[in-house]
Each structure stands twice: as structure tokens, then as C-alpha cells.
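# Structure assessment
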Amino acid sequence: MHPNPIQNVAQIGIPVRNIERATDFYKEKLGLTLLFNTDTMAFFDCEGVRLMLSLPENERFAHPSSVIYFKVEDLTAKYEELLSNDVNFVGEPHVVAKISHTETWMVFFKDTEDNTHAFMSEVTF
């Protein structure tokens, strides 16, 4: 056993090129709660995980982020809602895994800063 175990994921950093444009996307399009922001950063709450949008400190950090998978209850409804709100999707909702009586559905999208993320839903039948 580790004497000081990792507790959870507290924050995920997302590099952006334009902080105002990205803040608007995460707040207005995705509907996340803006906690606070500065000239170079914006912090959002995603059900207890903080998302930090930030302008890169230097070119070494100026690259797309890891894929964040946002869990939603009704993937098709979220897809249709954001499609009509001009969110740039990469493909359509599709099944990525079927285990026992559960299907995992996903659809990928791009934010305004060219980061790829996804919505996912688990459907039991």
C-alpha cells in the first residue's frame, strides 16, 4: 500500500489559443459553470472536476490536450442539442463497446481551440 495514495482527479488543464473564445465555448456551448477567470486562464466545474483553460506558458505546452470524455445520460439528445448550436462534431454517435447488457456510445467533437473531446453514454438493455 502506498503511504500517500492518489485521491482523485482534481483538475484537467486544456491548452487554448484564445482564452475569450474558449471560455465562451465551454460556458455557452457546453453549459459548464465558470468558477473564475483571469486574463490567461478560466476555471470551470464539471461535477467536482475542475477544468482549467489556459494560454500556454511557452511553446512547449502549445499542443492539443488529452481527450476528455464527458458522460451524459442521453447521447443522442446532447448530440442533437449541440449540433444545432454549431458545435463541430467528428462523426456521429456510435457504439464503441458492447459488454453483456451494456452498450457504450460515443461521439467526438472539437472545441474552438482544435482540442478533441467526446461525449459518452452507457446504455443498459
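On a predicted model such as this, the values are computed, not experimentally measured, just so you know.

Attention now goes to the pattern of salt bridges. Scanning the model with the defined rule gives four salt bridges in all. Note that E103 and K98 form a salt bridge whose closest N and O atoms lie 3.9 Å from each other. With a relative accessible area of 17%, E103 lands in the buried category.

Grouped together as the largest cluster of nonpolar side chains are 23 residues, with contacts concentrated most on Y26, L30, L53, F89, F109 and F119. Among the elements of the structure, α1 (19-29), β3 (41-46), β4 (49-54), α2 (75-83) and β7 (102-110) are those that each provide at least two residues to this core. In terms of residues, this core owes the most to one element, α1, which gives four residues.

Let us now look at the sheet that holds strand β6 (residues 88-99). Pairing is mixed in the open sheet, where four strands are placed in the order β5-β8-β7-β6. If you trace the sheet from one side to the other, it starts and ends with β5 (69-71) and β6, each paired once. Put simply, the sheet's adjacent strands are angled 25 degrees from each other on average, direction ignored. Where β6 lies against β7, eight bridges are found, and the strand directions are antiparallel. Note on β7: the bridge partner recorded for H94 is M106.

Taken together, the buried positions of α1 are occupied by I19, A22, T23, F25 and Y26. In a view along the axis of α1, the buried residues occupy a sector of 160 degrees, so they form one face of it. Contacts from the buried residues of α1 go to β1 (11-15), β2 (33-37), β3, β4, β7 and β8 (116-124). The distance from a side-chain oxygen at the start of α1 to the backbone nitrogen of E20 is 3.2 Å, and the residue carrying that oxygen is N18. With its phi angle positive at about 75 degrees, G31 sits one or two positions after the end of α1.

Reading guide: rules and limits
Residues numbered from 1 in each chain as written. Predicted model: local features only at pLDDT ≥ 70, side-chain atom pairs only at ≥ 80, totals over all residues. Heavy atoms only, no water. Salt bridge = Lys/Arg side-chain N within 4 Å of Asp/Glu carboxyl O. Buried < 20%, exposed > 50% of the residue type's maximum accessible area, 1.4 Å probe, protein only. Core = buried A, V, L, I, M, F, W, Y, C linked by side-chain atoms within 4.5 Å. Helix = DSSP H or I, 4+ residues; strand = E, 2+ residues; numbered from the N terminus. Pairing = 2+ DSSP bridges. Axes fitted to C-alpha atoms, helices over the stretch in contact; angles between N-to-C directions. Arc of directions from axis to C-beta. Contact = heavy atoms within 4.5 Å. Polar contact = N/O pair within 3.5 Å; in protein donor to acceptor, adjacent residues only side chain to side chain.

Geometric values such as these leave the question of function open.
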